[in-house]
Amino acid sequence: MEGPQTFSTDDGCVGDIVIEKCLVESKTPTCHVPLACGLQRCAFPVDGNGLGIWSTEDASHQLLTLRGHHQPITAVAFGNRVNPQLICSASQDYVIMWSLDECREKILQGLIPRGTVVSTRLGQVLCLRFSPDDRVAAVCAGKQILVLDVESRSTRAELEGHQGAVTAAEFCAWQAHVIISVSEDRSFKVWDHRRGSLIYSSSVLTASPLLSLFIDEGSKQLVTGCAEGQLWIFSLFDSHHYRCVTHVDLKKKRESFSSRRVESSPCSLSEESQLPSASELEKGDKIEVALPVLGLAHCDLSLGLSSECGSLSSDNTSCLWIGSSMGLLIFNLANCELEAVLCYKDFRNLSIQVAGSCAIMSDTSKDKVFCLLTSMFGNRIAGLEVDPAALLRSQRRPHLGTQLSVLPSSCVLSTSPLYFGIVEEKSAKLAHQKQPAVRSAVKDQPLVFHSKVRSSGYTSAPHATMFSPRTNVRNDCKRSSKCKSSYRCKEYPLETSLPTRLSRQRAVAEGPAAVRCVQFSGDGQRLACGLANHLSLVFDANLTGTPAVFSGHDGAVSTVCWSLDGRWLLSASQDGTLRAWSVRRTELALCLGKDMFSKPIQSAQFYYVDTFILLSSGPEIQLLKYHIDTCKDEVKRYKQKSRCRVVCRLPLTGAAEVTSLSAVNDFYSYLVLTAGRNRTLEVFDLNAGRSAAVVAGAHSRPVHQICQNKGSSFTTQPSQAYNLFATTAIGDGIRLWDLRTLRCERRFEGHLNRCYPCGIAFSPCGRYVACGAEDRHAYVYEMGSNTFSHRLSGHTDTVTGVAFSPSAPQLATATLDGKLQLFVAE
C-alpha cells in the first residue's frame, strides 16, 4: 500500500482539494467490486475473497485483512453503531458478520479473527444494509430481499416481487419497519419487513437498470440513479403517496454547469493541479457519453463555508454526493442543480482516472469527505480525501461586487432618474400651493372703478331662510364608525389554514372570454381582471355584486395593476396602448397610444410609491413620469389634461425582447427585475440608471412571469424575505431566487404547464407560492418543499392566473374559459 499523495490548487483562497490517502493493488480485477465506507474505516475486497479493512483516520495503520469466504465477495456493508462496530460481507457461499473490536483483539493475541456465518448459499448478493439500530440486516439476493435477525441469525421475512436482480436497498430512518429497494427491472418498491408485505410498487422509470439508492431524512425524499446518468426524486411524505418530485439528466446538468464555468473568469492555477480550461471543458463534454450513478451519499456543506469565498449559502444544506465513473458531483436537492464537479482526469496524478465502483462517506468532524474508488480498467483501489469547501471555492461564480437588495441602503443620487421625478413632483406641489394666492390677490382688486360698487343683486342669492338645521339631535357617529371599521387595517391571520375550499365561482362574461390576468387591490377590497374580449373588470373581493366595466382597448388586456392608494387602475393591451382608469368614476384618466411606443407593451405597473409608471416595450424598459388631472370640466371633458413623459429608457443586454418585469411599489426600492426572450434575467438599478446584474440561462425556455415576495400592508416579514422572487417558464416549472446572490435556491415542480403561460403568486405571509396549471387545477407549494402541498380542484379549464388577497386568507384563480374562482380557508 502506497503513501498518500496530495493534489491542490494555488489560487490564493483555495486549499487542498483532493488527497490520495491510500492505494491498494489487487491480484484480481476490481472494476465492479463492492465497496463500503464507515465513520472511521473503509472496506473492500482484497484478492477476491479477502475483506480488507483500512482506517480513514490514520493512514499509518496497517491494512487489516479478514478471510473466511471461499468465493469472491460481492457485497459489503458497515453497521450504523460505533460500539460495537459491525461489518457484514457476502459471497455466493456465505454471509458473514464481523465484529471489528473482536477481530482487533484476536489479532493482538496472535490469533486468526473469525466472523459469524448468518446465512449460506443465497446466490449472488449485490447489496447489504443494516437497520438504524443494527438489529436487522437486509440481504439482496437475486430477485428477493432476505431480512435477517443479527442476534438470532434467523430469517424474519422474505420479500419477493421484483422482476430483476435487486441492486440496492435502504431502511427508512423515521419508519424502522420500512425498506425501499431498487432493481434491474427499473422500478422501486416499498416494503413492510415486519409484516412481510408490499406497500407500494412504482412503474418502470427508465430504460436502464437502477444502480443506487439514497433516502434523505431532512427533506424526506427518495433519490435513485440509473446506469445512464438519470436521477429520479420522489417524496416520502405520507400524504404525497410517493409522488415524483423531479427527474434529472446529469449529462445536461453537467453541460449547463460547464457553460457557467466557461462564462466565469477562472482563477490562475498551478501546473500540478491542472483544473480544466474552457476549451478542455467543451471537449470533455463532447467526449462524455453517460454518467452512471455508482453511489449516493449525504453532503453536509453547512460547516466550514465562508460567504466571501463560498458559492453556496450555509442555510441550504440539502445536498447530495453523486459518485460516477468520471468523478464526484455535488447535487443540490432544493434547486436540482450541480454545485460542484470534481473530475478525476483534471487531477492527472491521481491513480484512478475512470472509476468502476464508488463509496462515499462525509466526516462532519473534519469537514472532509472520504471516497473509495476502484479502477474500471485495472486492479487498483484508491482512497481519496476531498475538501468540499475548497472544491466549491475553486468553482465559485464571479462576485457581483456590491450585494443587491430590494431594500435601499443609500439615498437617491442627484444623477438618478428617480431624483428628477421627485424634484418635479415637489415643484409641482409648491406651484399648486402658490397659485390660489396669486388668483385671490388679482380677484380682490377693482377692475373698472377704483372704489367698490354696490351689486345690483342678480349674482347674489335671496336672503330668505330655506330651513333651520337641527342642532339638538344626538349624534352617535354610527355611520363614521362603520366606515372606519370597514377599512381598518387588520393583521393578516398567519395561523389560519390555507385557502383550499372553493367558496364561489363566477363567469365574467356571457360568451367565451379568457381571463388573462387577475390582481387584488392593496386593501383587499376589490379584485381586477383583464379579459381577452378587450375589457377590464373590477369585482368586490367576495365576487358578489355587479362589476365595474372599463372598456376602450381594441385588443386583449394582458396586464392590470392597482395603484398603491387604490384610486387608479392601469391596464396594458395587445393593441399597443396603455390606459390609466379612475376606479371611482369608472372612466379613462390617461391614455398612451401607439405613437409613444414602438413595440407592444408586455408588462406595466405603478412604481416608486405611485410616482412613476414602469413598463416594458420591445427590448427596453421605460420609466414614465405621469400626471393625472383630477379636475372635472364638463365643458371640455373630451380634452385630456393628463400628461406623461419618458424619464429614461434602459435596453436589455443583447437587445432581447422583455417578456416580464417586476418592481416593488409598496415602498421605495431602486431595483427592477426583468426577463428576456433569450432566457436571461437582468436586474436594473434605477438609482444608478444602469444594469446591475445578468443571469444567463435562468430557465430552459423564456420566462413569462417574474413574481416578487412583496408581502402586504397587513403582514410583516423578515427584511431578508423581500429579496426572494420566483420565475416561471412553460415546461420548466417555477424557480425561487435570492436577489442577494442571484442563485436559484429551490425548484417547484409537479404542476402541468406545457403550452399556455400560467401565472404565479406569493402569499402575503411569504410562506407559499400558488400557480395555475393546464390540468384544471391550481397548485400551492410550501417554500421549504419541492413538491406541492395542495391541489385545488373545481376549475373547468386551464388556470391562467392566481392572486392572494393581501388582507385575508383568500385565493382567487382565473381560467381560460372566462371564470373566476374564490378559495377560502376551512
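Data block above holds the structure.
Since the structure is predicted, the reported quantities are computational estimates derived from the model, not experimental observations.

Definitions and cut-offs
- Residues numbered from 1 in each chain as written.
- Predicted model: local features only at pLDDT ≥ 70, side-chain atom pairs only at ≥ 80, totals over all residues.
- Heavy atoms only, no water.
- Pairing = 2+ DSSP bridges.
- Helix = DSSP H or I, 4+ residues; strand = E, 2+ residues; numbered from the N terminus.
- Axes fitted to C-alpha atoms, helices over the stretch in contact; angles between N-to-C directions.
- Buried < 20%, exposed > 50% of the residue type's maximum accessible area, 1.4 Å probe, protein only.
- Phe/Tyr/Trp six-rings, centres within 6.5 Å; stacked < 30°, edge-to-face > 60°.
- Lys NZ or Arg CZ within 6 Å of the ring centre and 35° of its normal.

### Observations concerning the sheet that holds strand 13 (residues 144–149)
Alright, step 1. Strand order in the open sheet formed by 4 strands is 11-12-13-14, with antiparallel pairing between adjacent strands. One side of each edge strand has no neighbouring strand; the edge strands of this open sheet are strand 11 (125–130) and strand 14 (155–160). Pairwise comparison of adjacent strand axes, ignoring direction, gives a mean angle of 15 degrees for this sheet.
Alright, step 2. Judged from the 5 bridges that link them, strand 11 and strand 12 (residues 136–141) form a sheet pairing that is antiparallel. Directly across from C127, in strand 12, lies its bridge partner C140.

### What about unusual backbone geometry?
Alright, step 1. Going from N83 to P84, the amide bond is cis rather than trans, its omega being -5 degrees.
Alright, step 2. The topology assignment puts P84 in the loop between strand 7 (75–78) and strand 8 (86–90).
Alright, step 3. Positioned with a positive phi, H241 is a non-glycine residue whose angle comes to about 55 degrees.
Alright, step 4. With respect to the helices, strands and loops of the structure, H241 is situated in the loop between strand 21 (230–235) and strand 22 (244–249).
Alright, step 5. Although it is not a glycine, V609 adopts a positive phi angle of roughly 55 degrees.
Alright, step 6. Tracing the backbone through its elements, the reader meets V609 in the loop between strand 39 (601–607) and strand 40 (612–617).
Alright, step 7. Taking the relative accessible area as the measure of exposure, V609 reaches 26% and is therefore partly exposed.

### Notes on the packing of aromatic side chains
Alright, step 1. All told, the structure shown has 14 aromatic pairs when counted by the stated rule.
Alright, step 2. Site record: aromatic cluster; members linked through ring pairs are F188, Y200, F234 and Y242.
Alright, step 3. For the cation-ring pair, R243 lies above F788, with the distance from its terminal atom to the ring centre recorded as 3.6 Å.
Alright, step 4. One Lys or Arg, K625, reaches over the ring of Y626 and ends 6.0 Å from the middle of that ring.

Function cannot be inferred from these measures alone, as they are strictly geometric.
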